[in-house]
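Per-entry structural report
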Amino acid sequence: MLNRLTKLALGLALPIALLTSGPVMAEIREHSLKFAAANNKGHPQVMGMEKFAELVKEKSGGKIEVKLFPGGVLGGDVQTVSALQGGVIEMTVLNAGILASNVKQFGAVDLPFLFNSGEEADKVMDGAFGTSLMKLLPDTGLVGLAYWELGFRNLTNNRHPVTKLEDIKGLKIRTIQSPIPIELFNSLGANAVPLPYTELYTALETGTVDGQENPAANIINAKFFEVQKYMTVTRHQYNPQIVLISKKFWDGLNDEEKAVFQSAATEARDYQRKVSRELDAKAIEEIKKTGMEVAELSPEETQKLRDAVKPLIDKFAGQIGAETVTQLFKELDTVRGK
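Everything numeric here is computed off the predicted structure, so don't read it as measured data.

1. So, the overall build of the protein
On a plain count of helices and strands, the protein comes out with 12 helices and 9 strands. For the protein, the spread of C-alpha atoms along the three principal axes comes to 100 × 40 × 35 Å. Looking at the protein as a whole, 51% of its 338 residues are labelled buried. Contacts in the protein between residues far apart in sequence, at least 24 positions, make up 76% of those at least 6 positions apart. Carbon and sulfur atoms form 55% of the exposed surface of the protein, whose accessible area is close to 15,500 Å². Computed over 39 positive and 42 negative side-chain charges, the inter-centroid distance for the protein is 3 Å.

Structural data, given as C-alpha cells:
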C-alpha cells in the first residue's frame, strides 16, 4: 500500500515540478552563415560586421559562425537582397532607402536634408518610426535586426569645383539604385546615373560618370580620390543602414538563437555608429591630404539646394504614403522639442 502511495505521489510531483520550474530554454545549435556587404574592409560598415560576428560567437558559446563577405564579392546590394529572400545568403547590411523597391515606405529615409545630425537620426530610426518600417519587411522575405549608419553624403566630381547650385547642372552623377536620389540630382540639373556601388570606381575611372555622392569615409575607403578631383561638403542626405537577415533562415532558428542575433546586432549598432562618426570627422581632413579640392557651401547656397529639392517631398509623399511621411515629420518635431 505504501509503495503504491509513494508511486502516486511521485507521479503527481513530476508534472507539478515541470510547471513550477519555468520554461525550458531551447539549446543553441551549430550554424554557419554568410554576411555580405558592398564596402571594403576598414570601412565602418565592415567594422560593424566584424563586431557583430565576434558578439554572435561569444553569445552562442562558439556555436554560431558568421562568415563575412565584404567588398561586394557576393554581388551588389539589390542582388544581395534577392539572395536573402531566396535563402542563398543569410545576412546583409545596406542603405535602408534601397529597400524602397521592396517596401515603398522605406523611401521616406531617402528624403533630402531630412536629419540635422546622426544623433537625431538615431532617435527616429530606433524609435516608433524605424520599428514600424521593420514590421513591414517579413512579408517580403526579410527581417530587420537593427539600424546602423553610413552617414551624410557629399558630392564629388572630376570636371570642376561645385560651390553653388548652378555648378551641378549637366554633371553625370552616379546615385544609388533608389528613386529619390535619382530624382534629387535630376532636379538639381545633373544627369543621375543609378549604378551598383561595386561598379562605381570603374565608372569614375572610365568617365562613364563625372561624379558621385557618398559619405567622406566611403571616399577614402574606396579610394575615389584617385579618380575624382573635387569634393563639395553638401551633406544633402543621411543614410541609415539596416542589418537584414533572411526570413527563411530566421524562421529556422529557435527563440534563444534569435535572441543571440538580435542582441548582437543591437550591441554592434552602438559600436558601429561611434566608429562611423569618428572616422567621418577625420575623413575630410584625409581627403584634403590626397590632393582633392574640398569646398564648403555657404549657408545661402545650402539654402538654395534645400529650396530646389523641397518639391520632392510633396511628390514622393504620395508614393511613399502620406501617413508614413506624416509620422516621420511628427517624430522629427518631437525629437527637436517642437
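There's more to say after this.
2. Quick look at the packing of helix H2 (residues 44–59) against helix H10 (residues 255–289)
Closest axis-to-axis distance for the H2/H10 pair is 8 Å, and the angle between their directions is 150°. It follows that H2 is roughly antiparallel to H10 by the angle criterion. For the pair H2 and H10, the crossing hand works out as right-handed. Where H2 abuts H10, its residues Pro-44, Gln-45, Met-47, Gly-48, Lys-51, Phe-52, Leu-55, Val-56 and Lys-59 lie against Val-260, Phe-261, Ser-263, Ala-264, Ala-265, Glu-267, Ala-268, Tyr-271, Gln-272, Val-275, Ser-276 and Leu-279. Within the contact of H2 with H10, the residues separate by chemical class into 13 nonpolar, 5 polar and 3 charged.

3. Let's talk about unusual backbone geometry
Phi at Phe-113 takes a positive value of approximately 50°, unusual for a residue other than glycine. With respect to the secondary-structure elements, Phe-113 resides in the loop between strand E3 (91–95) and helix H4 (118–125). At Arg-235, a residue that is not glycine, the phi angle is positive and equals roughly 45°. Exposure remark for Arg-235: the relative accessible area of 36% places this residue in the partly exposed category.

4. A few points about the pairing of strand E5 (residues 172–175)
Where E5 meets strand E6 (residues 191–194), 4 bridges bridge the pair, whose relative direction is parallel. Considered in E6, the bridge of Arg-174 is made with Val-193. Taken together, E5, helix H6 (residues 179–187) and E6 form a β-α-β motif whose crossover is right-handed. Sheet topology note: the E5/strand E7 (residues 211–214) ladder contains 2 bridges and is parallel. Paired with Ile-173 across the bridge in E7 is Gly-211.

5. Brief notes about the nonpolar core
Membership of the largest hydrophobic core comes to 53 residues, with the highest contact counts inside it found for Phe-106 and Ile-242. Elements supplying a minimum of two residues to this core: helix H3 (77–85), H4, helix H5 (128–134), strand E4 (142–157), H6, strand E8 (230–246), helix H11 (299–320) and helix H12 (322–335). With 6 residues, the top contributor of residues to this core is H11. The contact partners of Phe-106, leaving out residues within four places of it in the chain, are Ala-96, Gly-97, Leu-99, Ala-100, Leu-133, Met-134, Leu-137, Tyr-147 and Ile-242.

6. Examining the confidence of the model for the protein
Confidence along the protein averages 92 in pLDDT terms, with 93% of residues attaining 70 or more. Here residues 5–10 is modelled with pLDDT under 50, and outside its nearest four sequence neighbours on either side it reaches 0 contacts, counting other chains as well. Counting contacts from residues 12–24, a segment whose pLDDT is below 50, to residues more than four positions away or on other chains yields 0 contacts.

7. Re the environment of Ile-176
Considering the arrangement of structural elements, one finds Ile-176 in the loop between E5 and H6. Taking relative accessible area as the criterion, Ile-176 reaches 4% and is therefore assigned buried. Residues within four places of Ile-176 in sequence aside, it is in contact with Asn-95, Ile-98, Asp-110, Arg-153, Pro-181, Ile-182, Pro-194 and Glu-213.

8. Some remarks on the pattern of salt bridges
A complete count under the given rule lists 22 salt bridges for this structure. Between Asp-251 and Lys-247 there is a salt bridge, and its shortest N-O distance comes to 2.7 Å. One salt-bridge network, held together by shared partners, links Glu-119, Asp-122, Asp-126, Glu-149, Arg-269, Asp-270, Arg-273 and Arg-277.

9. Looking at the environment of Asp-77
In this structure, Asp-77 sits in helix H3. Classification of Asp-77 by relative accessible area gives buried; the value is 15%. Residues Asp-77 and Thr-290 lie 213 residues apart in sequence; the distance between their C-alpha atoms is 28 Å.

10. Remarks on the pairing of strand E2 (residues 64–69)
With 6 bridges connecting them, strand E1 (residues 31–36) and E2 associate as parallel partners. Across the sheet, Phe-35 pairs through a bridge with Leu-68, a residue of E2. Handedness of the β-α-β unit built from E1, H2 and E2 comes out right-handed.

11. Details of the packing of aromatic side chains
Enumeration according to the criterion identifies 6 aromatic pairs in this entry. With 5.5 Å between their ring centres and 85° between their planes, Phe-35 and Phe-52 make a pair best called edge-to-face. One end of the pair, Phe-35, is in strand E1; the other, Phe-52, is in helix H2, with 17 residues separating them in the sequence. In this structure, Phe-35 and Phe-52 share a single accessibility class: buried. Here the aromatic residues Phe-35, Phe-52, Phe-249 and Phe-261 are joined through ring pairs into a cluster of three or more. Here Lys-51 stacks its cationic end above the ring of Tyr-271, 5.2 Å away from the centre of that ring. The ring of Phe-152 carries Arg-235 above its face, with NZ or CZ at 4.0 Å from the centroid.

Cut-offs used in this document
- Residues numbered from 1 in each chain as written.
- Predicted model: local features only at pLDDT ≥ 70, side-chain atom pairs only at ≥ 80, totals over all residues.
- Heavy atoms only, no water.
- Helix = DSSP H or I, 4+ residues; strand = E, 2+ residues; numbered from the N terminus.
- Buried < 20%, exposed > 50% of the residue type's maximum accessible area, 1.4 Å probe, protein only.
- Contact = heavy atoms within 4.5 Å.
- Areas by Shrake-Rupley, 256 points an atom, 1.4 Å probe, with all protein chains shown as cover.
- Lys, Arg positive; Asp, Glu negative; His and termini not counted.
- Charge placed at Lys NZ, Arg CZ, Asp CG, Glu CD.
- Axes fitted to C-alpha atoms, helices over the stretch in contact; angles between N-to-C directions.
- Parallel < 35°, antiparallel > 145°, perpendicular 65-115°, else oblique.
- Left-handed = near helix turned anticlockwise from the far one by under 90°.
- Nonpolar A, V, L, I, M, F, W, Y, C, P; charged D, E, K, R; others polar.
- Pairing = 2+ DSSP bridges.
- Right-handed = clockwise from strand over helix to strand, strands pointing away.
- Core = buried A, V, L, I, M, F, W, Y, C linked by side-chain atoms within 4.5 Å.
- pLDDT = per-residue confidence, 0-100.
- Salt bridge = Lys/Arg side-chain N within 4 Å of Asp/Glu carboxyl O.
- Phe/Tyr/Trp six-rings, centres within 6.5 Å; stacked < 30°, edge-to-face > 60°.
- Lys NZ or Arg CZ within 6 Å of the ring centre and 35° of its normal.

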